[in-house]
Amino acid sequence: MMVHRRRRAALAGAILGVCLTAAACSSASSASSASSAGSPGSGAGTASGSTAGGKLSLTAEDYFTAEPTHNVVGGILNACAAAAGVTITQDSVANPQLMPKVLQQLSAHTLPDLLMLDNPFLQQIAATGALTPLGSDGVDLGGYYPSIVAAGTYQGKVYGLAPGVNSIALIYNKTMLAAAGITPPTTWAELKTDAAKLTTPQHYGFAMSADNDGEGAWTFLPFFWSNGGDLEHLNSPQAVQALQFVSSLVKSGSMSQSVVTWAQSDVNEQFMAGKAAMMINGPWQFPVLDQQAGLKYGVASIPVPTAGAAAKVPLGGEVWTVPVTSTPREQAAAKVLACMNSSTNQLAYAKANGYIPSLESAAKQIAVQSPQLAPFVTEVGTALSRTAEVGTAYPKIQTAMETALAAAITGQQTPQAAMSAAQAAQ
Amino acid sequence: MPPYRAATRQQKSLASTVLALVILAVMLFPVYWMVNSSLQPGATSFTTSWLPVHLGLSGYRQALSTQGGHLVTSIVIALAATAIAIVVAAPAAYALAKFPGRSTRPVLMSTLITQMIPGIVIANSLYQTYNSLHLLNSIPGLMLADASLGIPFSILLMRSFMASIPGEIIEAARVDGANPLRIFLSVVVPVSRNGIITAALFSFLFAWSDFVFALTLTSANTVTPVTLGIYQFLGSDVKQWTPVMATAVLASIPAAALLVLAQRYIASGITGGAVK
Amino acid sequence: MTIGRLQDTKAGYPGRAPAAATRGGRSRRRLALRRDRLTYWAFLAPALLYLVAFFAYPVVRNVLISFQNYSITSLYTGQAPFAGLANYRAIFDSGLFGGVVVTTAIFTVCSMAGQFVIGLGLAVFFSRRFPLNGVIRALLLLPWLLPMVASTTVWRWLLDQDSGALNRTLGALHITAGTTPWLASPHLALVSVILVNIWVGIPFNMVILYGGLKEIPEELYEAAALDGTGPISRFRYITWPLLRPVTGVVVILGFVYTVKVIDIILVLTGGGPANGSLTLAVQSYKLSFENFAFGQGAAMSNVLIVVALIFAVIYLRINKQAFLSS
């Protein structure tokens, strides 16, 4: 019996030992392959595909899974790849799964050759050292809106470029507003009264996303920033006022409490079905809205706290980056990236996505071609990047802000208490 | 039997059937809603009416044209994973049920602990391993990974069924001179049929509905089970629910057929008969 | 008579042959035992290999990460400074922890109670013979066949405050005002995810318990019916005791699976609103994949595993028969 017990203990110990060594070795090996840059075979090449008949085969990763965006972006990628003398595969992952996948690829050093990231995440990924700085690879950084370049910058170097950007504005139902004899509101006070006037048993006056998936914070930021709030002091009086205003819209019945469960696409559905007279949303909804028969919509700037104040809106859009792989692949990828950001390609990308091109010249062109985008073009020039002030701390702030938003709207906490809790969680 | 007695028995079973159908209707109402919205083009949260008055098959057309191959992939992987799971787990379950020893308890507890680990944690570690073994983007790789979903569960479940096999029938086979493998195959397996089928059923379901491994271990549309392919219709901004629901409905049909077949084999009271 | 026999056979297993059969005494017996141990390990080996290959490494890695200061950069460079108990302290002190534990407890207990009771009731109901029994039973497994994104989205629609089918029905029947914020209120959100989880878990319980019920010999029931025992006593003295091993597995696995649930909660409520439906599992996921605090996420999932383990051990102590019958 004693022999058996010892044997069993030895076996268990051996298994544990093997696992610990494996775990330690794998973390060590990923460290060593990070330092041996320029060796294409060490894991980095596996996911991206190897050379086939001399031509490099690159992989691009994004979250444009649905048509027609998937095809348009794929077309641009292919054309640019051909121009650079390589082939490219487009790997589209659904939006909520892109970051988990990127994290896995980070740990195994199998990042694709061209990686698209939502701009708030660029700081985190650049901080790891897994991305190559652009500009040194011959990517021309001139002619872009400064805010966009800032969004893709980490510690003074540019790591990501966004071919298209966007922001949010007030979109309203022209028919409903005309019927109530109202012009689009420009201040908070006007928004409050107009929303109340437009609320009938058939529809709410106003709708905006307040969910806990990133879109709630995104939609709340214009109110937060325009009132003078800053992300490092969530419990400032200005921040609390902004939250007070938004939750008062629900309390007064002008906005549904369900906004805490709605993403921007849900808000858009409500608006399209005539369940909300005004909404906060972005230009990417226009292709969908245009298809809705009988719907006449208008675009206006987001209302500001007091007349004449500047509207401060967040900068949206995805940046494309070139992860560290091997020198020939990085150079080819940089060429593709530069080609993607040409004026023509930016216009095509923007049209497919409902975005604004990030080159000022192309943006002015699109304002002329599609007048309804004009307000956004003006906004985008002064839009603020979410990570400009707080960098890698943004995800935590976003979570806290959305919790506070939901707590105040559902009446679980007062806006003051909610924001204090949010600040305390930092 | 007097005729009126037979009549009430028939009435009783018909009443049971009606009750069963009512239960089915209540439990499956969301499924009805899924079918309902799959037949209404442009379905959203509230534009879906209770009955599909304006029938439209565009959702099914989209689903069939894009997801056909994915469905086949899902079925192939799920069936293979189930087979692997049962082949590996059944002997283990028998060993743990009928050969108790000091290591039985730790092994069972370890098996139980594997079920407590979040799937994403396993997938993250598995990604690195698969990458080094070049098993990424391969159907055999996914088969092995999905089998791991069913093995611990099958061991625990089949073990509890096999525990009640009477020792005498095994002893009888042993006295007849059969070797352990023969005993297992000709005595234990037939007698534990219910347990094995139930375990196979759930191993199939776990493998079929797996999403985490499909997402982690594949890229660039190389190997795409339907749980992953369905996201094709869900962009960030435009979510086409009609083809999503149509895909869900289409995906369930072959799997449901398999389930109906399998359920037939769960018969009753085999052990009782064997003792006699 | 038959009951007595069943109790006898439960005790028997092939390792110990009755004394009369061992001519040749101790050496024969030792050979037999040796062969049994070999058989045991041979049959167990493939499964053990699988378990070690697929599960041992993730568990160990998870434990290691929970003691390190593990950021996104650590993912890439593999370097993570040792942090001792800092991650555990961070999650315990976060002010959220108490609430999350309570939410998890409510979620788990209510889900399991609902799933098991309804599942058992249905299993007993379906053990009778009637037309279409098999088909209906198989169809009840449909919720498990549908891709989770589709079924959870349908639930989101059904539970919508303004236009969901549930509120419309309740309002039409005048049971409520028809404006219940099922998913938009922190407290009700928890109720909603529990309901959906019960819905998902009923087929699991029903099918396994049904299989177990079918193992019980019909003669026992017939004998009892002849003796004049009513259905409740039959259940108490025949069904329930003989179902114990299967019940034990269903309860333990049901508990483990429920505590691990994230997909349903993530799609339905994302853990909100305002953390109303935030369980340990969802919080662990969010810490790792939304806040990128991997050390804390790993620590929380380890807490989860320990909690599940403690419950399992307690349950097995109380219910020895349930798991290790004999």
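In this text, all values refer to a predicted model and were calculated from it rather than measured experimentally. (Residues numbered from 1 in each chain as written. Chains lettered and ligands numbered in written order. Predicted model: local features only at pLDDT ≥ 70, side-chain atom pairs only at ≥ 80, totals over all residues. Heavy atoms only, no water.)

**Student:** How should the overall build of chain A be read in this particular structure?
**Tutor:** Across its full length, chain A holds 19 helices and 13 strands. Burial statistics for chain A: of 426 residues in total, 58% are counted as buried. Carbon and sulfur atoms provide 58% of the accessible area of chain A, an area that totals close to 15400 Å². (Helix = DSSP H or I, 4+ residues; strand = E, 2+ residues; numbered from the N terminus. Buried < 20%, exposed > 50% of the residue type's maximum accessible area, 1.4 Å probe, protein only. Areas by Shrake-Rupley, 256 points an atom, 1.4 Å probe, with all protein chains shown as cover.)

**Student:** Teacher, can you tell me more about the pairing of strand β2 (residues 87–92) of chain A here?
**Tutor:** When a strand is regular, its side chains alternate between the sheet's two faces. All names here are of chain A. When strand β1 (residues 57–62) meets β2, the two strands line up parallel, connected through six bridges. The residue bridging Thr-59 from the neighbouring strand is Thr-89, located in β2. Each parallel crossover has a hand, and the one from β1 via helix α3 (residues 69–84) to β2 is right-handed. (Pairing = 2+ DSSP bridges. Right-handed = clockwise from strand over helix to strand, strands pointing away.)

**Student:** Explanation requested: the interface of chain C and chain A in the structure shown.
**Tutor:** Interfaces are frequently sized by the accessible area removed from exposure as the parts join. In this assembly, 34 residues from chain C lie in contact with 42 residues from chain A. Joining chain C to chain A, the criterion identifies one salt bridge. Our count for the chain C to chain A interface comes out at eight residue pairs in polar contact (both at pLDDT 80 or more). At the level of secondary structure, the elements contributing two or more residues to the side of chain C that touches chain A comprise α2 (25–66), α3 (72–77) and α15 (280–289) of chain C. (Contact = heavy atoms within 4.5 Å. Salt bridge = Lys/Arg side-chain N within 4 Å of Asp/Glu carboxyl O. Polar contact = N/O pair within 3.5 Å; in protein donor to acceptor, adjacent residues only side chain to side chain.)

**Student:** Can you walk me through unusual backbone geometry in this structure?
**Tutor:** With glycine set apart, most residues show a phi of negative sign, and most peptide bonds adopt trans. Residue C:Pro273 is bonded to the preceding C:Gly272 through a cis peptide linkage, with omega at -10°. Mapped onto the elements of the fold, C:Pro273 is located in the loop between α14 (263–268) and α15. Positioned with a positive phi, B:His134 is a non-glycine residue whose angle comes to about 55°. You can see B:His134 is positioned in the loop between α5 (119–132) and α6 (139–162). In this model, C:His174 sits at a positive phi of 60°, which is unusual for a non-glycine residue. Counting through the fold element by element, C:His174 comes out in the loop between α9 (165–172) and α10 (186–213). A residue is classified by how much of its surface remains accessible, and C:His174, at 70% relative accessible area, is exposed.

**Student:** Would you mind showing me how to read helix α11 (residues 264–272) of chain A here?
**Tutor:** Since there are 3.6 residues in each turn of an α-helix, residues three or four apart along the chain are aligned in direction. All names here are of chain A. Summarising burial for α11: nine of the nine residues are buried, a large majority. When we look at burial in α11, the residues that qualify are Gln-264, Ser-265, Asp-266, Val-267, Asn-268, Glu-269, Gln-270, Phe-271 and Met-272. Backbone geometry just after α11 places Gly-274 at a positive phi near 75°.

**Student:** I keep staring at the sheet that holds strand β3 (residues 114–118) of chain A and nothing clicks. Help me out?
**Tutor:** Strand pairing within a sheet occurs via backbone hydrogen bonds; the two strands may be parallel or antiparallel. All names here are of chain A. Pairing is mixed in the open sheet, where five strands are placed in the order β2-β1-β3-β12-β6. Unpaired on one side and paired on the other, β2 and β6 (160–161) mark the two borders of the sheet. α3 rests against β1, β2, β3 and β12 (318–321) of the sheet, and its axis sits at about 155° to β2. (Axes fitted to C-alpha atoms, helices over the stretch in contact; angles between N-to-C directions.)

**Student:** Looking at this model, I keep getting lost on a nonpolar patch on the surface. Mind explaining?
**Tutor:** Residues and elements named next belong to chain B. A cluster of nonpolar side chains, contributed by Val-18, Leu-19, Val-22 and Val-26, occupies part of the molecular surface with about 360 Å² of accessible area. Relative to the helices and strands, Val-22 is located in helix α1 (residues 3–27). Note on Val-22: relative accessible area 46%, which makes it partly exposed. (Patch = residues over 30% accessible without salt bridge, like charges linked within 9 Å, V, L, I, M, F, W, Y side chains within 5 Å.)

**Student:** Help me out: how do you make sense of the sheet that holds strand β9 (residues 204–207) of chain A in this one?
**Tutor:** Residues and elements named next belong to chain A. Strand order across the open sheet formed by four strands is β9-β10-β8-β11, with mixed pairing between neighbours. Edge positions in the sheet fall to β9 and β11 (297–300), since each of these pairs with one other strand and no more. Geometrically, the sheet is characterised by an average inter-axis angle of 20° between neighbouring strands, direction not taken into account. Pairing between strand β8 (residues 169–173) and strand β10 (residues 276–281): four bridges, direction antiparallel. In the sheet register, Tyr-172 faces β10, and the bridge partner there is Met-278.

**Student:** Any chance you could explain the pattern of salt bridges here in plain terms?
**Tutor:** Side chains that differ in charge, positive against negative, can pair when their charged atoms come close. Evaluation of the coordinates by the stated rule reveals five salt bridges over all chains. Residue A:Glu360 pairs with A:Lys364 through a salt bridge whose shortest N-O separation is 3.9 Å. Residue A:Glu360 and its partner A:Lys364 are located together in helix α15 (residues 360–369), separated by four residues, close to a single helical turn. Looking at A:Glu360, the relative accessible area reads 30%, which means it is partly exposed. In this structure, C:Lys286 engages C:Glu290 in a salt bridge whose closest nitrogen and oxygen atoms are separated by 3.9 Å.

**Student:** Please clarify how the packing of aromatic side chains should be interpreted in this entry.
**Tutor:** The geometry of an aromatic ring pair is captured by two quantities: the separation of the ring centres and the angle between the planes. By the definition in use, this model includes 48 aromatic pairs over all chains. The interplanar angle of 40° and the centroid separation of 5.0 Å between the aromatic rings of C:Tyr285 and C:Phe289 together place this pair among those described as tilted. You can see C:Tyr285 and its partner C:Phe289 sitting in helix α15, four residues apart, about one turn around the helix. Site record: aromatic cluster; members linked through ring pairs are B:Phe153, B:Phe202, B:Phe206, C:Trp144, C:Phe204 and C:Tyr257. Cation over ring: C:Arg37 sits above C:Tyr40, and NZ or CZ is 4.5 Å from the ring centre. (Phe/Tyr/Trp six-rings, centres within 6.5 Å; stacked < 30°, edge-to-face > 60°. Lys NZ or Arg CZ within 6 Å of the ring centre and 35° of its normal.)

**Student:** Hey, could you run me through the nonpolar core in this one?
**Tutor:** Where a protein is soluble and globular, its nonpolar side chains tend to be buried together. Of all hydrophobic cores here, the largest spans 336 residues; its most connected members are A:Phe206, A:Phe223 and A:Trp320. Looking at which element gives the most residues to this core, the answer is helix α3 (residues 58–98) of chain B, with 17 residues. Leaving out residues up to four positions away in the same chain, A:Phe206 has contacts with A:Leu170, A:Leu191, A:Ala195, A:Phe223, A:Leu249, A:Ser254, A:Met255, A:Met278, A:Met279 and A:Ile280. (Core = buried A, V, L, I, M, F, W, Y, C linked by side-chain atoms within 4.5 Å.)

**Student:** I would appreciate a short explanation of the interface of chain B and chain C in the present structure.
**Tutor:** Every contact between the two is made by 109 residues of chain B and, on the other side, 97 residues of chain C. Roughly 9700 Å² is buried in total at the junction of chain B and chain C, and carbon and sulfur atoms are behind 75% of that figure. Counting the contacts that link chain B with chain C gives one salt bridge. As a salt-bridge pair, B:Arg174 and C:Asp36 come within 3.4 Å of each other at their nearest N and O atoms. Inspection of the region where chain B meets chain C yields eleven residue pairs in polar contact (both at pLDDT 80 or more). In terms of residues, the side of chain B that touches chain C owes the most to one element, α6(B), which gives 13 residues. (Buried area = accessible area lost by both parts, 1.4 Å probe.)

**Student:** Sorry, what's going on with the state of the cysteines here?
**Tutor:** All names here are of chain A. Per the counting criterion, the structure on display carries one disulfide over all chains. Shown here is the disulfide that connects Cys-80 with Cys-339, its sulfur atoms set 2.0 Å apart. Sign of the S-S torsion, about -75° for the bond between Cys-80 and Cys-339, identifies this disulfide as left-handed. In this pair, Cys-80 sits in helix α3 while Cys-339 sits in helix α13 (residues 327–340), placing the two residues 259 residues apart along the sequence. (Disulfide = S-S within 2.5 Å.)

**Student:** Explanation requested: the packing of helix α12 (residues 241–264) of chain B against helix α8 (residues 148–158) of chain C in the structure shown.
**Tutor:** Between two packed helices, both the angle of their axes relative to each other and the distance between the axes serve to describe the pair. Across the interface, α12(B) lies against α8(C) with an axial gap of 10 Å and an inter-helix angle of 125°. Relative to α8(C), α12(B) is oriented oblique. Our pair here, α12(B) against α8(C), has a crossing hand that is left-handed. Seen from α12(B), the contacting residues are B:Trp241, B:Val244, B:Met245 and B:Ala248; seen from α8(C), they are C:Ala150, C:Thr153, C:Val154 and C:Trp157. Considering only residue class, the contact of α12(B) with α8(C) consists of seven nonpolar, one polar and no charged. (Parallel < 35°, antiparallel > 145°, perpendicular 65-115°, else oblique. Left-handed = near helix turned anticlockwise from the far one by under 90°. Nonpolar A, V, L, I, M, F, W, Y, C, P; charged D, E, K, R; others polar.)

By themselves these figures say nothing about function.
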